[in-house]
Amino acid sequence: MAGETTITLVGNLTDDPDMRFLPSGAAMCKFTVASTPRVFDRDKGEYRDGDPLFLNCTAWRDLAEHIAESLKRGTRVVMTGRLKLSRWEDKETGEKRSMMQLDVDEIGPSLRFATAKVQKMSRTRGGDGFVPADAPDDGWSSASSERPAA
């Protein structure tokens, strides 16, 4: 969509991806990526870790299933996606909260320090199969870890 903020991020998965299925049968995968920059300390003449960025990520449908089958905690990934701001009010305190997250469009293992064997998947439907009406803002609340019966 026009006007969306698209970014590319390199980082490591902080835990195994969490896979769920919406009542409609659509797959949904959530995971967190940590990206820590290396900063050169001129006084000491050496590199040190900068402040880490932890970003919650969500992927849908076939991509979600491929992520859950292929990636695990610690995997270094390169991904692109659209930044999304979520806002809500805390039910207990009434405080307004917000969080940035990434809706993942593409992801793959980084080959800088690893190797990977790519296996092409055969398409079962045209396009990416994404129907916006099937992807509500908070689909996670009605999602299940079990695939619905056909």
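Up top is the structure.
In this report, we go over the structure that sits alongside the text. (Residues numbered from 1 in each chain as written. Predicted model: local features only at pLDDT ≥ 70, side-chain atom pairs only at ≥ 80, totals over all residues. Heavy atoms only, no water.)

### Observations concerning the side chain of glutamate 65
Step number 1: Of note, glutamate 65 is situated in helix α1 (residues 61-70).
Step number 2: Once you skip the residues sitting within four places of it in the chain, glutamate 65 turns out to touch Met19, Phe21, Ala27 and Arg147. (Helix = DSSP H or I, 4+ residues; strand = E, 2+ residues; numbered from the N terminus. Contact = heavy atoms within 4.5 Å.)

### Examining the packing of aromatic side chains
Step number 1: Throughout the structure, instances matching the rule amount to one aromatic pair.
Step number 2: A centroid spacing of 5.1 Å and a plane angle of 65 degrees characterise the contact between phenylalanine 40 and tyrosine 47, whose relative ring orientation is edge-to-face.
Step number 3: On the basis of relative accessibility, which here comes to 42%, the residue phenylalanine 40 falls in the partly exposed class.
Step number 4: By relative accessible area, tyrosine 47 is classed as exposed at 52%. (Phe/Tyr/Trp six-rings, centres within 6.5 Å; stacked < 30°, edge-to-face > 60°. Buried < 20%, exposed > 50% of the residue type's maximum accessible area, 1.4 Å probe, protein only.)

### Details of the nonpolar core
Step number 1: Grouped together as the largest cluster of nonpolar side chains are 19 residues, with contacts concentrated most on Phe31, Val33, Cys57, Ile67, Met79, Val104 and Ile107.
Step number 2: Where this core is concerned, the elements lending two or more residues are β1 (6-13), β2 (18-21), β3 (27-35), β6 (53-60), α1, β7 (76-89) and β8 (96-109).
Step number 3: Per-element accounting of this core gives the leading share, four residues, to β3.
Step number 4: Ignoring any residue separated from it by four or fewer positions in sequence, one finds isoleucine 107 in contact with Phe31, Leu63, Ile67, Leu71, Val77, Val78 and Met79. (Core = buried A, V, L, I, M, F, W, Y, C linked by side-chain atoms within 4.5 Å.)

### Considering the pattern of salt bridges
Step number 1: Considering all chains together, one arrives at six salt bridges under this definition.
Step number 2: Put simply, aspartate 105 and arginine 82 hold a salt bridge, and the shortest N to O gap is 2.9 Å. One end of the pair, aspartate 105, is in strand β8; the other, arginine 82, is in strand β7, and 23 residues separate them in sequence.
Step number 3: Owing to a relative accessible area of 34%, aspartate 105 belongs among the partly exposed residues under this scheme. (Salt bridge = Lys/Arg side-chain N within 4 Å of Asp/Glu carboxyl O.)

### A closer look at the pairing of β7
Step number 1: Direction of pairing for β1 relative to β7: antiparallel, over a ladder of seven bridges. By the bridge assignment, valine 10 is partnered in β7 with valine 78.
Step number 2: Linking β7 back to β8 in an antiparallel pair, the connection comprises six residues, with glycine 94 at a positive phi of about 80 degrees. (Pairing = 2+ DSSP bridges.)

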